[in-house]
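# Report on the structure
For reference, the chains in residue letters:
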There are 2 protein chains.
Amino acid sequence: MFFADKFQLRIPGPTPIPPSVERAMAQPMIGHRSTDASELVALCSNKLKPILGTEEQPLILSSSGTAALEACVVNTLSPSEEAVVIVTGVFGERFVKILERYQVYVHRLDIPWGTACSPDVLQAFLHQHPHVKAVFMTYCETSTGVLNPIRELAQVTHTHSDALVIVDGVSCIGAVPSQMDEWGIDLLVTGSQKAFMLPPGLAFVGVSKRAWKVIEQNQTPRFYLDLRAYQSQLNKKTTPYTPALSLLFGLKEVLRLLEEEGLVHVYHRHELLKNMTRAGIRGLGLPLMTSDEDASPTVTSIDGKDADWDVEELRKALRKLNVTVAGGQQYLKGQIFRIGHMGYCDPFDILSTLSALEIALKQINAPIELGQGVQAAQEVFLQHV
Amino acid sequence: MFFADKFQLRIPGPTPIPPSVERAMAQPMIGHRSTDASELVALCSNKLKPILGTEEQPLILSSSGTAALEACVVNTLSPSEEAVVIVTGVFGERFVKILERYQVYVHRLDIPWGTACSPDVLQAFLHQHPHVKAVFMTYCETSTGVLNPIRELAQVTHTHSDALVIVDGVSCIGAVPSQMDEWGIDLLVTGSQKAFMLPPGLAFVGVSKRAWKVIEQNQTPRFYLDLRAYQSQLNKKTTPYTPALSLLFGLKEVLRLLEEEGLVHVYHRHELLKNMTRAGIRGLGLPLMTSDEDASPTVTSIDGKDADWDVEELRKALRKLNVTVAGGQQYLKGQIFRIGHMGYCDPFDILSTLSALEIALKQINAPIELGQGVQAAQEVFLQHV
């Protein structure tokens, strides 16, 4: 299709990389114990603070997000202790898998996929399980596009238990507000390849004072994922093991870009991208998987299970147009598709994706009218700008 | 000093990145579950085989090398089992630390730093410890520049025990021969930021059939570092968690470069770099830390503890000339300095480093004659080319 390197990556991560970040990552390699590396590590950690919403020093791991989720488990829990996991999709399931691997006793709070967990439901569940040491929750559930009400869920947890609040924020932090100190989040994890506009390979972990007390006491064996090592080395402006330096070069530039745009404007932009996408999908008469209230600003799921066209055929047609959208995961495979709209994404990317979507739907003989989705999204744009 | 981005990074990793690898890493991001990503993962794993010297499928972890060393421990050993660690420097110590964290009973075979472990010494030690499940050894000990005789050490281990042979090859694989199948290495670990000419962030693990049998049975809890997950996903041409894709773009190009040069020529080049460096140091009348027999082709340690100039002052003078060499680690701090010469390094880099070293030595009033080191290295060059 025209140019091999000119395509639209509209999945919920990895996301496109801004050119200035590409250039930053291509800087010559430096020693990881050099003064330059120390300044880089310290600067990145400091500038992560407002994005996570914490005065504590965020930690930087060279790993994918899953390793950081595991770090939350092995640093705070011991075998046979109890934990609650709010399961709203695939990434809630991942917490369950990790916890069970370490013989933690898991109480699953299963919520229908595509719906957020309400604070009342969590409150009732916590009363049934008074001995839990931690409650694991997903801020944006990537597999469905649901944004859970983390602030309220954290509050309910603290009011009705002594459990730590542990949050997977991989697919939204940097695109949505986060005030971990104020909201009472004890551990907050995110990754580089989503709203941070970087390649995969870095994970960030915010840790509350309360969490540190538990971590210091915890006896579960861990080495690479021992958060104490990252903290003590960060106090010396370095990392315990060789960090992924080129990604740190990129992170510094990403943090500059986010600061330049202003976090409030970054969050507004993502709201706009969500609203345009949802309006566009509705304009084409396709059903959305989540309610407006539960929808994440970073990814939108479209329900295709009752359509008279095939979701995977649509994705194939889009790929031929050089547009990649995500399919469904696990039991949602073939039933939904997902449009990622986080990070280096602007309204014209959404209009372009919607127009490609219209063409692809036409090509597979779906009963839509060209231009209806784009027009609905344009109207949202005009109202907001 | 002249240009800020024009410097000589002569430490034993991270090492300089070739321009074509920088360009490869700057490719636009792709989905990690796309066909392109699958082809990339499969191709990289396949092309790692001759470099590790195995017919088994090498695994690719997104982490620093230390995480892969930990993977060797948690996938093969259980608490209170016994292991031997050959400690020839800092990275032998690291194996000890990881093993002790997981309550493995460690028998340390301490060898004076700067010397390789001889097969006879290991043989005698194994007879004293007949119940060990694994012998951990370091191929190149980065902290001293010693290359241990891995082939012979592996053979002795297999002849005199049933233990697995587990090798840290981080700072030499890709620069020195490795035949893990033929030599009987059961687990071989290396990283991206040394002879592989990439930024840090990837680790590679070769696993023998014999090791897989142990790994399948092992009950130690692990999630991100569970090698079974990497193997089963690699069989489907993918990775269990989002891999560091931009580093994989770079790895593909690195593997092409190594193939183009030819592994035999790559190894010869590193031998030449070692011989030029050692001749240059001798030409200046400075003592080398290791014997010719024990010296690694990737890094050379120079002993400055009896010199009438200060090692750290010399390193500072070199940094002002935009040349970075490594200092000593742990008790060697201030006693030695180390010149890295692996990866994207050619004879003229060594001549340039030696001439800068001569200038820096003059600046700190060391009793050397300008040109003596360079000349000795030039003579080695002329003999070999």
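Keep in mind that this is a model prediction, so the values were computed, not measured.

## Details of the sheet that holds strand E9 (residues 187-191) of chain B
Residues and elements named next belong to chain B. What the 7 strands build is an open sheet, ordered E2-E10-E9-E8-E5-E3-E4; its pairing is mixed. Taken across any chain shown, the strands that pair with only one partner, and hence form the sheet edges, are strand E2 (59-62) and strand E4 (105-110). Pairwise comparison of adjacent strand axes, ignoring direction, gives a mean angle of 20° for this sheet. Contacting strand E3 (82-87), E4, strand E5 (132-138) and strand E8 (164-168), helix H4 (residues 90-101) runs over the sheet at an angle of about 160° to E3.

## Description of helix H9 (residues 227-235) of chain A
Residues and elements named next belong to chain A. All buried positions along H9 are accounted for by Leu227, Ala229, Tyr230 and Leu234. Seen end-on, H9 carries its buried residues on one side only, within an arc spanning 155°. For H9, the secondary structure elements touched by its buried residues are helix H2 (35-52), strand E2 (59-62), helix H3 (65-76), strand E9 (187-191), strand E10 (202-207) and helix H8 (209-217). Immediately beyond the C-terminal end of H9, within one or two residues, lies lysine 237, with a positive phi of roughly 60°.

## Section: the packing of aromatic side chains
Residues and elements named next belong to chain A. Summed over all chains, the structure comprises 15 aromatic pairs over all chains. An angle of 80° between the planes, with centres 6.3 Å apart, marks the rings of tyrosine 230 and tyrosine 241 as edge-to-face. Linking tyrosine 230 in helix H9 with tyrosine 241 in the loop between H9 and helix H10 (245-261), this pair joins segments that are 11 residues apart in sequence. Judged by relative accessible area, which is 8%, tyrosine 241 ranks as buried.

## Re the nonpolar core
If you look at the biggest cluster of nonpolar residues, it comprises 223 residues, and the most contacted ones within it are Phe136 of chain A together with Phe136 of chain B. Aside from chain neighbours lying at most four places away, what touches phenylalanine 136 of chain B is Cys72, Val73, Leu77, Ala83, Val84, Val85, Ile86, Phe95, Leu99 and Ile166 of chain B.

## Description of the UniProt feature "binding site: substrate" (unreviewed entry) in chain A
Residues and elements named next belong to chain A. Mapped onto the present numbering, the UniProt feature "binding site: substrate" (unreviewed entry) falls at Arg338. When its relative accessible area of 6% is taken as the criterion, arginine 338 is described as buried. When near neighbours in sequence (up to four residues on either side) are disregarded, arginine 338 contacts Arg10, Pro12, Thr142, Ser143, Val299, Thr300, Ser301, Val325, Ala326, Gly327 and Gln329.

## A look at the domain arrangement of chain A
Residue and element names in this part refer to chain A. Examined at the domain level, chain A breaks down into domain 1 (8-15 + 262-383) and domain 2 (19-260). Taken together, the contacts link 27 residues of domain 1 with 32 residues of domain 2. Buried area between domain 1 and domain 2, both sides added, is near 2,300 Å², and the carbon and sulfur share of it is 60%. Where domain 1 touches domain 2, the interface holds 0 salt bridges. The interface formed by domain 1 and domain 2 holds 12 residue pairs in polar contact (both at pLDDT 80 or more) in total. Among the elements of the structure, helix H11 (263-283), strand E11 (299-303) and strand E13 (336-340) are those that each provide at least two residues to the side of domain 1 that touches domain 2.

## Regarding the packing of H11 of chain A against helix H14 (residues 372-384) of chain A
A pair of packed helices is captured by two measures, namely the crossing angle of their axes and the spacing between those axes. Residue and element names in this part refer to chain A. It is the contact of H11 with H14, at a shortest axis distance of 7 Å, that shows an interaxial angle of 145°. Of the two elements, H11 crosses H14, and the hand of that crossing is right-handed. Across from Leu272, Asn275, Met276, Ala279, Gly280 and Gly283 in H11, the residues of H14 making contact are Gln372, Gly373, Ala376, Ala377, Val380, Phe381 and His384. For the contact of H11 with H14, the per-class residue count stands at 7 nonpolar, 6 polar and no charged.

## Some thoughts on the UniProt feature "modified residue: N6-(pyridoxal phosphate)lysine" (unreviewed entry) in chain A
Per the UniProt entry, the sites bearing "modified residue: N6-(pyridoxal phosphate)lysine" (unreviewed entry) are Lys194 of chain A in this numbering. Overall, lysine 194 of chain A belongs to the buried group, its relative accessible area being 7%.

Cut-offs used in this document
- Residue positions are counted from 1 within each chain, in the order its sequence is given.
- Chains and ligands are labelled by the order in which they are written, letters from A for the one and numbers from 1 for the other.
- In view of the model being predicted, local features appear only for residues whose pLDDT reaches at least 70, and side-chain atom pairs are presented and counted only at 80 or more, with totals across whole chains, interfaces and linings using the full set of residues.
- Side-chain calculation: all heavy atoms of the structure are included, whereas hydrogens and water are not.
- Pairs of strands are assigned from DSSP output, requiring at least two bridges between the strands.
- Put simply, DSSP H or I for four residues or longer makes a helix, DSSP E for two residues or longer makes a strand, and each gets a number counted from the N terminus.
- Simply put, an axis is a line fit to the C-alpha atoms, just over the touching stretch for a helix, and the angle between two N-to-C directions goes from 0 to 180 degrees.
- Two residues qualify as a contact provided that any one of their heavy atoms is within 4.5 Å of a heavy atom in the partner residue.
- Relative accessibility thresholds used throughout: buried, under 20% of the residue-type maximum; exposed, over 50%; partly exposed, between the two (1.4 Å probe, protein chains only).
- The directions from the helix axis to the C-beta atoms form the arc being described.
- Aromatic pairing here means that ring centres of Phe, Tyr or Trp (its six-membered ring) are within 6.5 Å. Orientation follows from the plane angle: under 30 degrees is stacked, over 60 is edge-to-face, and everything else is tilted.
- We define the nonpolar core as a collection of buried residues of types Ala, Val, Leu, Ile, Met, Phe, Trp, Tyr and Cys that are connected through side-chain atoms lying within 4.5 Å of one another.
- UniProt positions are given in the numbering used here, feature names are shortened, and annotations may be inferred rather than shown by experiment.
- Each domain's extent was defined by an automatic or database domain assignment.
- Buried area: the accessible area, evaluated with a 1.4 Å probe, that two parts lose upon being put together, summed over both parts.
- Any carboxyl oxygen of Asp or Glu within 4 Å of a side-chain nitrogen of Lys or Arg constitutes a salt bridge here.
- Two N or O atoms count as a polar contact when they lie within 3.5 Å, although within protein this holds only if one can serve as hydrogen donor and the other as acceptor, and sequence-adjacent residues are included solely when both atoms are side-chain atoms.
- By definition, turning the near helix anticlockwise from the far helix through less than a right angle yields a left-handed crossing, and turning it clockwise yields a right-handed one.
- Residues are sorted three ways: Asp, Glu, Lys and Arg are charged, Ala, Val, Leu, Ile, Met, Phe, Trp, Tyr, Cys and Pro are nonpolar, and all the rest, Gly among them, are polar.

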